[in-house]
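Architecture and fold: a report
Residues per chain are reported as follows:
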Amino acid sequence: MKRGHYSKNPIAFVCVVVSICCLMIIMISFLRLPVPEASLGNNKVMKPYKTVNSRKVSKDEGIGNFGEIMIEMLPEELAFTVFIPSERSFERDLRLRVNDSLLAEKRNDTYAVVSRILGFSAIPRKLSSELVSSSKEVIYDSLSGFTLYISKDVDGMLVVNRIRSERVDVRRGEIVVHIMDGVIMDAEFEQAVQPDDNEED
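Residues numbered from 1 in each chain as written. Predicted model: local features only at pLDDT ≥ 70, side-chain atom pairs only at ≥ 80, totals over all residues. Heavy atoms only, no water.

Quick notes on the overall build of the chain
This is how it is decided: Where helices and strands are cited, they refer to DSSP runs of H or I of at least four residues and of E of at least two residues respectively, numbered from the N terminus. Throughout this description, buried means an accessible area under 20% of the type-specific maximum (1.4 Å probe, protein chains only), exposed means over 50%, and partly exposed covers the range between. Residue contacts follow a heavy-atom distance rule, with two residues in contact if any of their heavy atoms lie within 4.5 Å. The method behind every accessible area is Shrake-Rupley, applied with a 1.4 Å probe, and residues are considered shielded solely by the protein chains displayed.
Secondary structure assignment for the chain yields seven helices and nine strands. In the chain, buried positions account for 34% of the 201 residues. Of all intrachain contacts in the chain linking residues separated by at least 6 positions in sequence, the fraction that spans at least 24 positions is 51%. Split by element, the accessible area of the chain, about 13500 Å² in all, is 55% carbon and sulfur.

This is the structure we're talking about:
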């Protein structure tokens, strides 16, 4: 029985197998690349593999631009409840204004503040207003470990750490949003975002 050339030289056999595998990987990768859809000047627009569902919030729900940013920071397939400050609360309590705070030179600072507020005001579960009894306060830890004391007033609106909601039970996929008339934050962060005495409103 005659043995093949590659069985005499195992190094050559391994090199051939590795080369074939690499060639197959390159071919498969090349075949899966997206095809350019259109050309805009020097920039090419690529067609994505799958359509990404945007979770943009309509303006009539009262969430506002900063609220949209907070929602976009959360994974859409997991259940969360977020107590989002109203746009007016962002401006009043944090001095964040849509026309000013989202400019390129201030965007990083704004995102840092908004992500910190998200940590204080989001819990990793669905909590609609129907699940909160008007006779009993419930307690949850937020994503950052900040304790949230949640109750319901006589009008059916939620009160979280003495901040009343303006609107409850706005659904964004797996996320339940409650619009608050104030910003939920700990005392240390509240002190850090307070304006200096010499600043004018």
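Structure's up, so let's keep going.
Points about the nonpolar core
Counted only if it meets this: Remark: nonpolar core denotes a set of buried residues (Ala, Val, Leu, Ile, Met, Phe, Trp, Tyr, Cys) joined through side-chain atoms within 4.5 Å.
Formed by 40 residues in total, the largest nonpolar core has its most connected members in Phe83, Leu94 and Ile117. If you tally residues by element for this core, the top one is helix α6 (residues 107–121), at five residues.

Remarks on the pairing of strand β8 (residues 163–172)
Rule in force here: Strands are treated as partners if at least two bridges between them are detected by DSSP.
Inspection of the sheet shows strand β7 (residues 158–160) paired to β8 by two bridges, in the antiparallel sense. What sits directly across from Val159, in β8, is Arg164. When β8 meets strand β9 (residues 175–180), the two strands line up antiparallel, connected through five bridges. By the bridge assignment, Arg171 is partnered in β9 with Val176.

Side note on the packing of aromatic side chains
Here is the rule we go by: In this analysis, rings of Phe, Tyr and Trp, with Trp reduced to its six-membered ring, are considered paired at centre separations within 6.5 Å, and the interplanar angle assigns stacked below 30 degrees, edge-to-face beyond 60, and tilted for intermediate values.
In total, this model carries three aromatic pairs according to the counting rule given. Between Phe120 and Phe146, the aromatic rings sit 5.5 Å apart at their centres with planes inclined by 75 degrees, giving edge-to-face as the arrangement. Here Phe146 lies in the loop between β5 (138–141) and β6 (147–152) and Phe120 lies in helix α6, a separation of 26 residues in the sequence. Put simply, the rings of Phe120, Phe146 and Phe189 touch in pairs and so form one group of aromatic residues.

Looking at the sheet that holds β8
Test applied: Note on method: axes are straight lines fitted to C-alpha atoms, helices fitted across the in-contact stretch only, with angles between N-to-C directions ranging 0 to 180 degrees.
Across the sheet, seven strands lie side by side as β4-β3-β9-β8-β7-β6-β5; this open sheet has mixed pairing. Of all strands in the sheet, those bounded by a partner on one side alone are β4 (122–123) and β5. Each of β3 (80–85), β8 and β9 is contacted by helix α3 (residues 64–72), which is oriented at about 155 degrees to β3, the strand it contacts most.

Side note on the environment of Ile175
Assignment of secondary structure puts Ile175 in strand β9. Separated by 51 residues in the primary sequence, Ile175 and Pro124 place their C-alpha atoms 9.3 Å from one another.

Here's the deal with the confidence of the model for the chain
Regions with low pLDDT carry predicted coordinates that are not meant to be interpreted in detail. Formally: Scored from 0 to 100, pLDDT reflects the predictor's confidence in each residue.
In this model, the chain carries an average pLDDT of 78, and 76% of its residues clear a pLDDT of 70 or more. Contacts from residues 35–60, a stretch scored under 50 in pLDDT, to residues over four places away or in other chains number 31 contacts.

Here's the deal with a nonpolar patch on the surface
Condition: Any residue with relative accessible area above 30% and no salt bridge may belong to a patch, with like charges joined within 9 Å and the nonpolar Val, Leu, Ile, Met, Phe, Trp and Tyr side chains within 5 Å. A side-chain nitrogen of Lys or Arg and a carboxyl oxygen of Asp or Glu constitute a salt bridge if their distance falls within 4 Å.
On the surface, Phe13, Val14, Val17 and Val18 cluster together into a nonpolar patch covering about 340 Å² of accessible area. Of note, Val17 is situated in helix α2 (residues 10–32). For Val17, a relative accessible area of 38% gives the class partly exposed.

Points about the environment of Ile84
Relative to the helices and strands, Ile84 resides in strand β3. In sequence terms Ile84 and Val114 are 30 residues apart; their C-alpha atoms lie 10.0 Å from each other. Apart from residues lying up to four places away in sequence, Ile84 is in contact with Ile63, Gly67, Met70, Ile71, Phe90, Val177, His178, Ile179 and Met180.

Re unusual backbone geometry
With the exception of glycine, the majority of residues adopt a negative phi angle, and the majority of peptide bonds are in the trans configuration. Backbone geometry places Arg162, a non-glycine residue, at a positive phi of 70 degrees. You can see Arg162 is positioned in the loop between β7 and β8. Look at Asp169: it is not a glycine, yet its phi comes out positive at around 60 degrees. As for its position among the elements, Asp169 is in strand β8.

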